Amino acid sequence: AVVSTQSTGITQLEDLIDGADVVFLLTDTRESRWLPTLLCSAKCKLCINSALGFDTYLVMRHGVREEGDSLETPVIGASTISGSQLGCYFCNDVVAPGDSTKDRTLDQMCTVTRPGNAFVASSLAVELMVSILQHPLQARAPATLDLNDEGQDSCLGRVPHQIRGFLSHFSAVQPASHAFNKCTACCPEVISRYRDNKTEFLLEVFNTADYLEKVSGLADMLENTDFG
């Protein structure tokens, strides 16, 4: 019964994403964003993610790689990152998604704790989508690391990879980061496993805590890393 319910939920989510032009991720926990992120990566859909902290927010667009695109090695010192090479929400992680709410106080959870924070982040997410769609390359629009470089702008202006805001001093920065070749949500091996097996692969992820880390290569990387 549990497997049947999970399979039905997966199918429903796949159908929703298949029918969407743009997917907005506005969920309360980190782990709840993993499956939609994977599905958007595998289906080459534009995904815009908004995440909230106690006095911070993050709005970011995920990179969109078509099936024939390869994941390139980051170039040190590059001033731009191609839209197909931009990282997703999970690309900076070195562990698989887990229970992000267990044993945490309210201000440590990714949830709505400041009344205006959600509206600021969601408004920026919509405006980011508009700028992306007005760019000649749309979802493949590059992100610049040089705030003075206007050569990559759309007709509406900048098309950043990320907008990270801080309510404590009412400011924001626009970092950009390359996709991680061992990301648990968008690396080539994870996407390939999903495309090949779909429901079977996802059920294994749900039922085996370290499966994603093994598939993505994170487990091997951590095992061979000298933390001393």
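Everything below is about the structure shown above.
Just so it is clear, the structure is predicted and the values come from calculations on it, not from any experiment.

> Would you mind showing me how to read the pattern of salt bridges here?
For side chains bearing opposite charge, pairing can occur when the charged atoms are close. Across all of its chains, the model carries six salt bridges by this definition. When the shortest N-O distance is used, the salt bridge between Arg30 and Asp93 registers 2.9 Å. With Arg30 in the loop between strand 1 (22-25) and helix 2 (34-43) and Asp93 in the loop between strand 4 (80-81) and helix 3 (117-134), the pair connects residues that are 63 residues apart, well separated along the chain. Exposure remark for Arg30: the relative accessible area of 25% places this residue in the partly exposed category. Residue classification places Asp93 among the buried residues on the basis of a relative accessible area of 17%. A salt bridge links Asp210 to Lys214; its shortest N-O distance comes to 3.5 Å.

> Teacher, can you tell me more about helix 2 here?
One full turn of an α-helix is made of 3.6 residues, so residues set three or four places apart face in the same direction. Most of helix 2 sits inside the fold, with 10 of its 10 residues counted as buried. Within the span of helix 2, buried status applies to Trp34, Leu35, Pro36, Thr37, Leu38, Leu39, Cys40, Ser41, Ala42 and Lys43. In this structure, the buried side of helix 2 is in contact with helix 1 (2-18), strand 1, strand 2 (46-52), helix 4 (188-197), helix 5 (199-207) and helix 6 (211-216). Note on helix 2: the residue one or two positions beyond its end, Cys44, has a positive phi of about 60°.

Reading the values: the criteria
Residues numbered from 1 in each chain as written. Predicted model: local features only at pLDDT ≥ 70, side-chain atom pairs only at ≥ 80, totals over all residues. Heavy atoms only, no water. Salt bridge = Lys/Arg side-chain N within 4 Å of Asp/Glu carboxyl O. Helix = DSSP H or I, 4+ residues; strand = E, 2+ residues; numbered from the N terminus. Buried < 20%, exposed > 50% of the residue type's maximum accessible area, 1.4 Å probe, protein only. Contact = heavy atoms within 4.5 Å.

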